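Tertiary structure, described
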Amino acid sequence: MERQWITARRTRSAIRMSVGERIFHVFNYLFFALVSWTTLFPFLNLLAKSLSSEEAVMSGSVSLFPVDIQFGTYLYVLSDSQFMRAFLVSVTIALAGTALGLLMTALAAYPLSKPRLRGRKFFILMYVFTMLFSGGLIPTYLLMQRLNLVDTLWVLFLPSMISVFNMLIIKNYFESLPEELEESAKMDGASNLTILFRITVPLSLPVFATIALFYAVGFWNDYFASMIYINTSELKPLQLYLKELLVHSNITYQDGGHVTNVDAVMNTTPQAIQAASILVATLPILLVYPFLQKYFVKGVLIGSVKG
Amino acid sequence: MARLKLDNAPRLPSPSYWRKLRGDIRKDWDLYIALLPGIAFLLLFKYTPMYGIVIAFQDFNIFSGIGDSPWVGFEHFERLFQSPKFAQVFWNTFMISVLKIVLLFPLPIVLAILLNELTKMWFKRPVQTIIYMPHFLSWVIVSGLFMDLLSVNGGLVNRIIEWMGGEPIKFFLDNSFFRWLLVSTAGWKEAGWGTIVYLAALSSIDPQLYEAAKIDGANKFKQILHITLPGLVPVILLMFILRLGSILEAGTEQILVMYNPVVYNVSDVIGTYVYRTGLGEQNYSFASAVGLFESVVGFVLIVGGNYISRRFLNRGIW
C-alpha cells in the first residue's frame, strides 16, 4: 500500500515538474551542498592542521587531511595550565550565568504574560526600552567600578542575567499555553509561583532548552565583557585567553615575518597548537548544539513571530 | 507587541482604582513579587547607566564622581563634531554598515526561499544544522578560523593565489581588503542563522495559494515572485527596521578581534573608538559623548523607521 502511494506520488510530481523546474532543483541542491561545504571547510582545514606537524603546516601542505599525523598538540593544550584554568573559568561562568539567567528570566516573564497584571504594559515598555536605548559602554563601566564588580567573576554574568529578547520569547510562549491549566490549578488552591514552577515551566521545556542554549552560548562566547572588566590573568575566561593567543601571534604571521607589533615578537604560538586550542574551545558548543536544534527552531518561531 | 493606548488623557485615578489595585495585589501578591527581581535588575544594570550618560555633559573626574564633576554643557559634542578623527570613524562605521546591509541583509531571504524549495528532508535537515552552526561560534573563534585560512604562512587561500601565479595577499593587513573581509566573515557567520525567521514566515503561507497558482499555470519563478515574496514582506520590513536601528553598531565585537593598527584607518568604528578613547585613554566624558551619539541615532532610526512604516504601510514592530 505504502509503496504504491509513493510511486503514485512520484509519477504525479514527475508529470508536474517541467524541465526548467527540474534544472532549478538540481542547481538548488548543488548550491546548498556548496554552501554547506563553505561553512564546514574552515573547520576541516583547522582540524587537519591541528593534527599535522608544525613543519607541514608552515609549508602549506595541509588542506583537508593531516600531514605527518600527531596528537601532541592536543596533549599540549590539555595539559597547559593556563588554558585549562581559562576553560574552567568559562565553564563556571556559563553554568552560573545560565542557571541564574533562566531563573530570573522565567520569573520576569511569568507576571508579564498575565493580562490581568496591573501596569503590565508599562513594565513591558520598561524592558523593551532597554533594547532601543542604552547608557553605553563608559557609563556602564563606571557603574561596575562603583559597585566594586570590576575584576571579579560576578561582572561577567550579573549584568547580563536577563536578556530582554529571551524574556520576550519566554513571555510569548507562556501566553500561548492554554489558560484552563492555570484555572484548574487555582481551584486546587495553588499559588501563582507554584503554578509557574509546577505546571508552566514543565510545559515549556522546549523553549527553556532554547533559551538555556542561548544563554550558555552567550556566556561561553563572550570575550568583550572580560576584556573590559578583567585584569587578573587567573580570572580570564577562555575566549579572552584565545583572543590574546591568536591576535598576538597572528599579526606576525599575517605580516610574513615583518613585525608590526612589539607584543607579537614575544608571543608566537605554533599554528598547530592554535588550531587545537580553537577546536577544544569550540567542542562544548558543537557537542550540545545539534541536540537542541529541534527545540530552538520551534522555540524561536513561537517567540519571535508573535513578538 | 501591544501598542500603548494614548487616546485617554491622563486622569487622576479614582479612589475605587486604588481599592481595586490593593485587592489585585492581595490576590496576586506572589505575581507582583515575581516582578520585582527583574525590575530591580533593570533599574540597577540598565537604567543607572542611562543616568550615567550625564557625564557626557561634564568634565568627569573619577575622584569627584558624577555629583561633583563640573558641568561643561555641549563642549564634548562640539569637539566631537569638529574632530577629523571622528569624521573618519563615523565614515568607517557608515561604510561598513551600509556594505553589510546591502550585501548581507538580502542573503538570508534568498537562502530561506531556496531552502524552502528543498523537499528531501535527509538533505534539508543536515544543511540547516550546518548553516546555523557558525552563529553559535564566538568572534574570537571565527576570526581565528579565517586568520588561519587567509594567513600568508601556509594559509589555503594564499596558496591557491600563489598556485595561480598571484602574489600572496595579507588580508588582515591590507586596507583595500579589510572591509570586504569584515563583510564576508559576518556573512559566513550569520547568513544561515538569519534564515530562521524567514523560514517561519514561509511556513505560515497558505499552501492553497501555490496550488491555485499552479492551476493558473504559474511556474516556480512566478510563484516565488507573486506569492512567496509578498508573504515575506511584513517580516522583511520588521527585520529591516530593527537592522536600521543598529546602523552605527557596525560590528564592534567583530572588529575588536579582527582589526589591528595597520588597518585602523578603514576599520576604526564608533564602538572601537569609544573603547580605545574611553577605557584606553580614560577620556570618560568624551567617549560617553561619542557613545551617546551612537545610542541617540540608533534610537531615532528605529523609532522613526517604525513610525514611517506604520504611517505608510500600516505595519510596525509595535
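By the naming in an unreviewed UniProt entry, chain A goes by Protein LplC and is assigned to Paenibacillus azoreducens. Listed under Sequence similarities (unreviewed entry) in UniProt, the entry text for chain A is "Belongs to the binding-protein-dependent transport system permease family."

Observations regarding the overall build of chain A
Secondary structure assignment for chain A yields 15 helices and zero strands. A buried classification covers 52% of the 307 residues belonging to chain A. A fraction of 69% describes how many contacts in chain A between residues 6 or more apart in sequence connect residues 24 or more apart. Carbon and sulfur atoms make up 68% of the accessible area of chain A, which amounts to about 14,700 Å² in all.

What about the overall build of chain B?
Secondary structure summary: chain B contains 16 helices and zero strands in total. At 25 Å, chain B has a C-alpha radius of gyration far larger than the 20 Å of a compact globule built from 318 residues. Referenced to the eigenvectors of the C-alpha coordinate spread, the extents of chain B come out at roughly 75 × 60 × 40 Å. Out of the 318 residues in chain B, the part that is buried amounts to 50%. Here the analysis covers contacts within chain B between residues at least 6 apart in sequence; of these, 66% occur between residues at least 24 apart. Roughly 15,900 Å² of accessible area belongs to chain B as shown, and the carbon and sulfur atoms make up 65% of that amount. Looking at charge distribution, chain B has the averaged site of its 27 positive side-chain charges lying 10 Å from that of its 22 negative ones.

Observations regarding the pattern of salt bridges
Counting across every chain of the model gives 13 salt bridges over all chains. Across the pair Asp-268 of chain B and Arg-276 of chain B runs a salt bridge whose closest N-O atoms are separated by 2.7 Å.

Points about the UniProt feature "transmembrane region" (unreviewed entry) in chain A
Residues and elements named next belong to chain A. If you check UniProt for "transmembrane region" (unreviewed entry), the listed places come out as residues 26–48, 86–110, 122–142, 154–174, 195–217 and 272–292 in our numbering. The span residues 122–142 carries 81% helix and 0% strand; its end-to-end C-alpha distance comes to 28 Å. With 96% helix and 0% strand, the stretch residues 195–217 has end C-alpha atoms that lie 29 Å from each other.

Some remarks on the nonpolar core
With 186 residues, the main nonpolar core has Phe-32, Tyr-127 and Ile-138 of chain A together with Phe-136, Phe-172 and Phe-178 of chain B as its most contacted residues. Discounting chain neighbours no more than four positions away, the residues touching Tyr-127 of chain A are Ala-108, Leu-112, Ile-162, Val-164 and Met-167 of chain A together with Gly-38, Ile-39 and Leu-42 of chain B.

Describing the interface of chain A and chain B
Listed by partner, the interface residues are 106 residues for chain A and 97 residues for chain B. For the pair chain A and chain B, the summed buried area comes to about 9,200 Å², and 73% of that belongs to carbon and sulfur atoms. Across the contact surface, chain A and chain B share three salt bridges. Salt-bridge contacts for Asp-24 of chain B lead to Arg-118 of chain A; the nearest nitrogen and oxygen are separated by 2.7 Å. The tally of links from chain A across to chain B stands at 23 residue pairs in polar contact (both at pLDDT 80 or more).

Describing the packing of aromatic side chains
Using the criterion set out here, one finds 42 aromatic pairs over all chains in the structure. Residues Phe-224 of chain A and Tyr-275 of chain B carry aromatic rings whose centres are separated by 6.4 Å and whose planes lie at 45 degrees to one another, so their mutual orientation is tilted. A residue pair is termed interchain when its members come from two chains, as with Phe-224 of chain A in helix 12 (residues 224–229) and Tyr-275 of chain B in helix 15 (residues 270–280). For Phe-224 of chain A, a relative accessible area of 17% gives the class buried. Chaining the aromatic ring pairs together yields one cluster made of Phe-214 and Tyr-289 of chain A together with Tyr-132, Phe-136 and Trp-193 of chain B. Sitting over the face of the ring of Phe-286 of chain B, Arg-79 of chain B holds its NZ or CZ atom 4.3 Å from the ring centroid. Stacked on the ring of Phe-312 of chain B, the Lys or Arg Arg-311 of chain B has its end atom at 5.6 Å from the ring centre.

What to know about the confidence of the model for chain B
A low pLDDT means the predicted coordinates there should not be read in detail. All names here are of chain B. Model confidence for chain B is summarised by a mean pLDDT of 89, while 96% of its residues fall at 70 or above. Within the model, pLDDT remains below 50 along residues 1–5, and this stretch shows twelve contacts once partners closer than five positions in the same chain are excluded. Interface predicted TM-score (ipTM) for the complex: 0.88; the corresponding pTM is 0.88.

Re a nonpolar patch on the surface
All names here are of chain B. There is a patch of nonpolar side chains on the surface, built from Phe-90, Trp-91, Phe-94, Val-98, Val-102, Leu-103 and Trp-180 and spanning about 660 Å² of accessible area. Of the residues forming the nonpolar patch, the biggest block, six residues, is contributed by helix 5 (residues 84–104). Looking at the secondary structure, you find Trp-91 in helix 5.

Focus on the environment of Leu-158 of chain A
Structurally, Leu-158 of chain A is set in the loop between helix 7 (137–146) and helix 8 (164–176). When its relative accessible area of 19% is taken as the criterion, Leu-158 of chain A is described as buried. Separated by 111 residues in sequence, Leu-158 of chain A and Leu-47 of chain A have C-alpha atoms that sit 35 Å apart. Leaving out residues up to four positions away in the same chain, Leu-158 of chain A has contacts with Leu-100 of chain A together with Phe-41 and Phe-45 of chain B.

Concerning unusual backbone geometry
Phi is positive for Asp-68 of chain A, which is not a glycine, with a value near 50 degrees. In this fold, Asp-68 of chain A is placed in the loop between helix 3 (54–59) and helix 4 (72–79). Within the chain, Gln-282 of chain B stands out as a residue other than glycine whose phi angle is a positive 55 degrees. When you line up the elements, Gln-282 of chain B lands in the loop between helix 15 and helix 16 (284–313).

Things to note about the packing of helix 10 (residues 192–203) of chain A against helix 11 (residues 205–221) of chain A
Residue and element names in this part refer to chain A. Viewed as axis vectors pointing N to C, helix 10 and helix 11 meet at an angle of 75 degrees, and their least axial separation amounts to 5 Å. What the angle tells us is that helix 10 and helix 11 run roughly perpendicular. Across the interface between the two elements, Val-201, Pro-202 and Leu-203 of helix 10 pack against Leu-205, Pro-206 and Phe-208 of helix 11. Per-class residue counts for the contact of helix 10 with helix 11 are six nonpolar, no polar and no charged.

The rules behind each value
- Residues numbered from 1 in each chain as written.
- Chains lettered and ligands numbered in written order.
- Predicted model: local features only at pLDDT ≥ 70, side-chain atom pairs only at ≥ 80, totals over all residues.
- Heavy atoms only, no water.
- UniProt positions renumbered as here; feature names shortened; annotations may be inferred.
- Helix = DSSP H or I, 4+ residues; strand = E, 2+ residues; numbered from the N terminus.
- Buried < 20%, exposed > 50% of the residue type's maximum accessible area, 1.4 Å probe, protein only.
- Contact = heavy atoms within 4.5 Å.
- Areas by Shrake-Rupley, 256 points an atom, 1.4 Å probe, with all protein chains shown as cover.
- Rg over C-alpha atoms; globule rule 2.2 N^0.38 Å.
- Lys, Arg positive; Asp, Glu negative; His and termini not counted.
- Charge placed at Lys NZ, Arg CZ, Asp CG, Glu CD.
- Salt bridge = Lys/Arg side-chain N within 4 Å of Asp/Glu carboxyl O.
- Core = buried A, V, L, I, M, F, W, Y, C linked by side-chain atoms within 4.5 Å.
- Buried area = accessible area lost by both parts, 1.4 Å probe.
- Polar contact = N/O pair within 3.5 Å; in protein donor to acceptor, adjacent residues only side chain to side chain.
- Phe/Tyr/Trp six-rings, centres within 6.5 Å; stacked < 30°, edge-to-face > 60°.
- Lys NZ or Arg CZ within 6 Å of the ring centre and 35° of its normal.
- pLDDT = per-residue confidence, 0-100.
- Patch = residues over 30% accessible without salt bridge, like charges linked within 9 Å, V, L, I, M, F, W, Y side chains within 5 Å.
- Axes fitted to C-alpha atoms, helices over the stretch in contact; angles between N-to-C directions.
- Parallel < 35°, antiparallel > 145°, perpendicular 65-115°, else oblique.
- Nonpolar A, V, L, I, M, F, W, Y, C, P; charged D, E, K, R; others polar.

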